[in-house]
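# Fold and contact review
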Amino acid sequence: MHRRRRTALLLSAVIAAAPLLAACGNDAHPGAAAVVGGQRITVAQLESRVKEVRAAQRAVFTDDTQYAQALAQTGTLTRDTLHGMVLDRVLQRAAEDAGVTVTPREVQEMRTGLEQQAGGAEGLRKAWLQQYGIPPQRLEDNLRLQLEAQKLATRLGTNTSQPAFWNALSKASKSLDVDLNPRYGSWDARKVSRVDAKTPWVRETGTAGSKQTT
């Protein structure tokens, strides 16, 4: 379970509240939060993902105090969600390059086992939301990615915490030529990670239901 937790945290970039970054000029890709392998992740797609998490949190934490605590614990959700969306594509490319595939049956088997550990389907959905910021409608996608990561590591003769695994992701990241909108920082292909911008014209602003961060 510890390995699954680590993998979920790494692959899903889980997570924190929803600050939006103030607009900046000179966007290389207007309307895009990121471009990965020539394919855009639009700002609208990113915001939709963030709203999915917020809606799921609101449904679980009906008490205003609990919901406020959930927001406080997820204070960088927008940026972390983008990190996860990019990293998902990087992992998929690395898996494809290694000839790794995951079947629906394997995903279902993993889900069934986790549901047994979590005390049922609802328990698993709540656990993944609370621990990893994964809304119910994204659960199976996340499990498939975890399986891809595990099978990729096995194919490489290592595990997901070892350099050989992350070197494969770094290679895939470089081949995809990841380009982030400067509002969300930049992408370090070597570290396979989003990096915060260090420019004075970038500032974070709070959104409805979240408090401003610095």
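Residues numbered from 1 in each chain as written. Predicted model: local features only at pLDDT ≥ 70, side-chain atom pairs only at ≥ 80, totals over all residues. Heavy atoms only, no water.

## Things to note about the nonpolar core
Core analysis: the largest hydrophobic core is formed by 30 residues, its most contacted members being Leu-82, Val-86, Val-90, Phe-165, Leu-169, Val-178 and Trp-187. Contributing elements (two or more residues each) for this core: β2 (32-36), α2 (43-60), α4 (77-97), α7 (139-155) and α8 (163-176). Examining the composition of this core, we find that eight residues originate from one element, α4, more than from any other. Val-90 has contacts with Leu-169, Ala-172, Ser-173, Leu-176, Val-178, Trp-187 and Val-192, leaving out every residue within four places of it along the chain. Of all hydrophobic cores here, the second largest spans twelve residues; its members include Val-107, Leu-124, Ala-127 and Leu-147. (Core = buried A, V, L, I, M, F, W, Y, C linked by side-chain atoms within 4.5 Å. Buried < 20%, exposed > 50% of the residue type's maximum accessible area, 1.4 Å probe, protein only. Helix = DSSP H or I, 4+ residues; strand = E, 2+ residues; numbered from the N terminus. Contact = heavy atoms within 4.5 Å.)

## A short note on helix α3 (residues 64-73)
Residues Tyr-67, Ala-70 and Leu-71 constitute the buried set of α3. For α3, the angular spread of the buried residues around the axis is 100 degrees, confining them to a single face. Turned more than 90 degrees away from the buried face of α3 sit Thr-65 and Gln-73, all of them exposed. Contacts made by the buried residues of α3 are with α2. (Arc of directions from axis to C-beta.)

## Describing the pairing of β2
Both faces of the sheet carry side chains from a regular strand, because those side chains alternate between them. Burial runs high along β2: five of the five residues are buried. Pairing of β2 with strand β3 (residues 39-42), which is carried by four bridges, proceeds in the antiparallel orientation. Bridging from a neighbouring strand, Val-35 pairs with Arg-40 of β3. Between the antiparallel neighbours β2 and β3 lie two residues, among them Gly-37 with a positive phi of about 60 degrees. Pairing geometry for β2 and strand β4 (residues 179-180), over two bridges, is antiparallel. Considered in β4, the bridge of Val-35 is made with Asp-179. (Pairing = 2+ DSSP bridges.)

Remember, this is a structural readout, not a statement about activity or role.
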